[in-house]
Amino acid sequence: MIVAPSILAADFARLAAEIESVEAAGAKWLHVDVMDGHFVPNITLGPPVVESLRRVTKMLLDVHLMIAEPGRYVRAFAEAGADRITVHAEACTHLHRTIQEIRAAGPKAGVAVNPATPPEAVRWVLDGVDLVLVMTVNPGFGGQAFIPGTVQKIPRLRQWAAGRKDLHIEVDGGIDPGTAPAAVAAGADVLVAGSAVFGKADRKKAVADILRAVAHISTV
Ligand code: DX5
Ligand code: ZN
């Protein structure tokens, strides 16, 4: 089970210290939300920030591109040091090609689905990815309420990818100790948490509280 703190909820003026605090809390992945004000109604950060993050942490950089035509920026984020790049199925005309481009550039590839997107949208690219991100809120903002029905997609994805123990299923949005159990019971193994980690003063406790809430639930 992996908790991936999302820097969207961090204090950007103190980013290095914020990141150190979650690394010290035991987080192995850092979730980096990239928004372009076009695919989603918010703007965040680009490759230069990823490059700076790369210099201050050993955590795996899990870059979530909420941008239109993400294929145009795959190389830039790969060169900046992203370990994984996840693109939205809704943002790619040629999803299969974009996934191949991510892998050719070096990082591991992920594909994300919005709450209204059926899991079938990624069924025929599952072989090419090692992560599916099931959005549990509509992308664009931190601090939104978890949408419970979204996790019903996860058992289907697990079924289609039967035998793929290496396939990560990540949930993102409104994840906290109260909502994480439903996602994990459905088959998720990566829990993105923004407000539930960076919104708390004690990051060690925040990460531990999430892990404790799902510890008793059998997973994949
Ligand atoms: C939402 C982002 C999320 C966000 C989650 O568009 O993709 O990663 O940071 O924030 P919380 O955990 O506060 O819902
Ligand atoms: Zn995200």
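As the structure is a computational prediction, the values presented were derived from the model and not from experiment.

Draft legend 1. Structural context of the overall build of the protein chain. Counting secondary structure elements, the protein chain contains eight helices and eight strands. Relative to the globule expectation of 17 Å for 220 residues, the C-alpha radius of gyration of the protein chain, 16 Å, shows essentially globular dimensions. Expressed along its principal axes, the backbone C-alpha trace of the protein chain runs to roughly 40 × 40 × 30 Å. For the protein chain, the proportion of its 220 residues judged to be buried stands at 55%. Here the contacts in the protein chain between residues at least 6 apart in sequence split such that 65% fall between residues at least 24 apart. Carbon and sulfur atoms make up 52% of the accessible area of the protein chain, which totals about 9,700 Å². Averaging the positions of the 22 positive and the 23 negative side-chain charges in the protein chain gives two centres separated by 4 Å.

Draft legend 2. Quick look at the coordination of the zinc ion (ligand 2). The protein atoms donating to the zinc ion (ligand 2) are H31 (NE2), D33 (OD), H64 (ND1) and D172 (OD), with metal-donor distances spanning 2.0 to 2.3 Å. Taken together, the six donor atoms surrounding the zinc ion (ligand 2) define angles of 70 to 171° at the centre, an arrangement classified as octahedral. Counting the intervening residues between successive donors of the zinc ion (ligand 2) yields the motif H-x1-D-x30-H-x107-D. Note on H31: relative accessible area 0%, which makes it buried.

Draft legend 3. Geometry of the site of ligand 1. Close to ligand 1 lie 20 residues, the nearest being D33, G140, D172, G194 and S195. Contacts to ligand 1 include G174, whose backbone N or O atom sits 2.8 Å from an oxygen atom. In this structure, an oxygen atom belonging to ligand 1 sits 2.4 Å away from a side-chain N or O atom of S195. In isolation ligand 1 has 380 Å² of accessible area, and contact with the protein removes 99% of it. Ranked by residue count, the leading element in the shell around ligand 1 is strand β2 (residues 29-35), at three residues. Considering only residue class, the shell around ligand 1 consists of eight nonpolar, 10 polar and two charged.

Draft legend 4. Representation of unusual backbone geometry in the model. One non-glycine residue with positive phi stands out, namely E69, at about 45°. By secondary structure assignment, the location of E69 is in the loop between β3 (60-66) and α3 (74-80).

Draft legend 5. Up close: the sheet that holds strand β1 (residues 2-5). As summarised here, the arrangement of the eight strands in space is β1-β8-β7-β6-β5-β4-β3-β2, forming an open sheet in which the pairing is parallel. Looking at strand neighbours, the two that pair on one side only are β1 and β2, the edges of this open sheet. The sheet shows a mean angle of 25° between the axes of neighbouring strands, taken without regard to direction. One ladder, built from four bridges, connects strand β5 (residues 108-113) with strand β6 (residues 131-135); its direction is parallel. For V113, the partnering residue across the bridge sits in β6 and is V134.

Draft legend 6. Main features of the nonpolar core. By size, the foremost hydrophobic cluster in this structure holds 64 residues, and its most contacted members are I7, V32, I85, V122 and V132. With sequence-adjacent residues up to four places away left out, V122 is seen in contact with A89, V111, V113, V132 and L157. One finds I2, A4, L133 and V137 within the second-largest nonpolar core, a separate group that totals 10 residues.

Draft legend 7. Highlighting the environment of A145. Turning to its location among the elements, A145 is positioned in the loop between β6 and α5 (153-160). Under the relative-accessibility criterion, A145 is labelled exposed at 61%. The spatial distance from the C-alpha of A145 to the C-alpha of G163 is 33 Å, given a sequence separation of 18 residues. Not counting the four nearest positions on each side in its chain, A145 is found in contact with T136 and V137.

Draft legend 8. Highlighting the side chain of D172. Mapped onto the fold, D172 is located in strand β7 (residues 168-172). Within polar-contact distance, the side chain of D172 engages the side chain of H64 at 3.2 Å. Discounting residues that sit within four places of it in the chain, D172 has contacts with H31, D33, H64, L133, V134, M135, T136, V137 and V192.

Draft legend 9. Region of interest: the pattern of salt bridges. Across all of its chains, the model carries 11 salt bridges by this definition. In this structure, E18 engages R14 in a salt bridge whose closest nitrogen and oxygen atoms are separated by 3.4 Å. Here R14 falls in the partly exposed class, since its relative accessible area comes to 43%. Between R54 and D83 there is a salt bridge, with its nearest N and O atoms 2.7 Å apart. Here the residue R54 occupies a position in helix α2 (residues 47-56), and D83 occupies one in the loop between α3 and β4 (84-88), the gap between them amounting to 29 residues. Classification of R54 as partly exposed rests on a relative accessible area of 25%.

Rules used in this analysis
- Residues numbered from 1 in each chain as written.
- Chains lettered and ligands numbered in written order.
- Predicted model: local features only at pLDDT ≥ 70, side-chain atom pairs only at ≥ 80, totals over all residues.
- Heavy atoms only, no water.
- Helix = DSSP H or I, 4+ residues; strand = E, 2+ residues; numbered from the N terminus.
- Rg over C-alpha atoms; globule rule 2.2 N^0.38 Å.
- Buried < 20%, exposed > 50% of the residue type's maximum accessible area, 1.4 Å probe, protein only.
- Contact = heavy atoms within 4.5 Å.
- Areas by Shrake-Rupley, 256 points an atom, 1.4 Å probe, with all protein chains shown as cover.
- Lys, Arg positive; Asp, Glu negative; His and termini not counted.
- Charge placed at Lys NZ, Arg CZ, Asp CG, Glu CD.
- Donors = N, O, S within 2.8 Å, 3.2 Å for Na, K, Ca; no water.
- Tetrahedral: all angles 85-135°; square planar, octahedral: opposite > 155°, others 65-115°.
- Near = heavy atom within 4 Å.
- Polar contact = N/O pair within 3.5 Å; in protein donor to acceptor, adjacent residues only side chain to side chain.
- Nonpolar A, V, L, I, M, F, W, Y, C, P; charged D, E, K, R; others polar.
- Pairing = 2+ DSSP bridges.
- Axes fitted to C-alpha atoms, helices over the stretch in contact; angles between N-to-C directions.
- Core = buried A, V, L, I, M, F, W, Y, C linked by side-chain atoms within 4.5 Å.
- Salt bridge = Lys/Arg side-chain N within 4 Å of Asp/Glu carboxyl O.

Shape descriptors only; they carry no functional weight alone.
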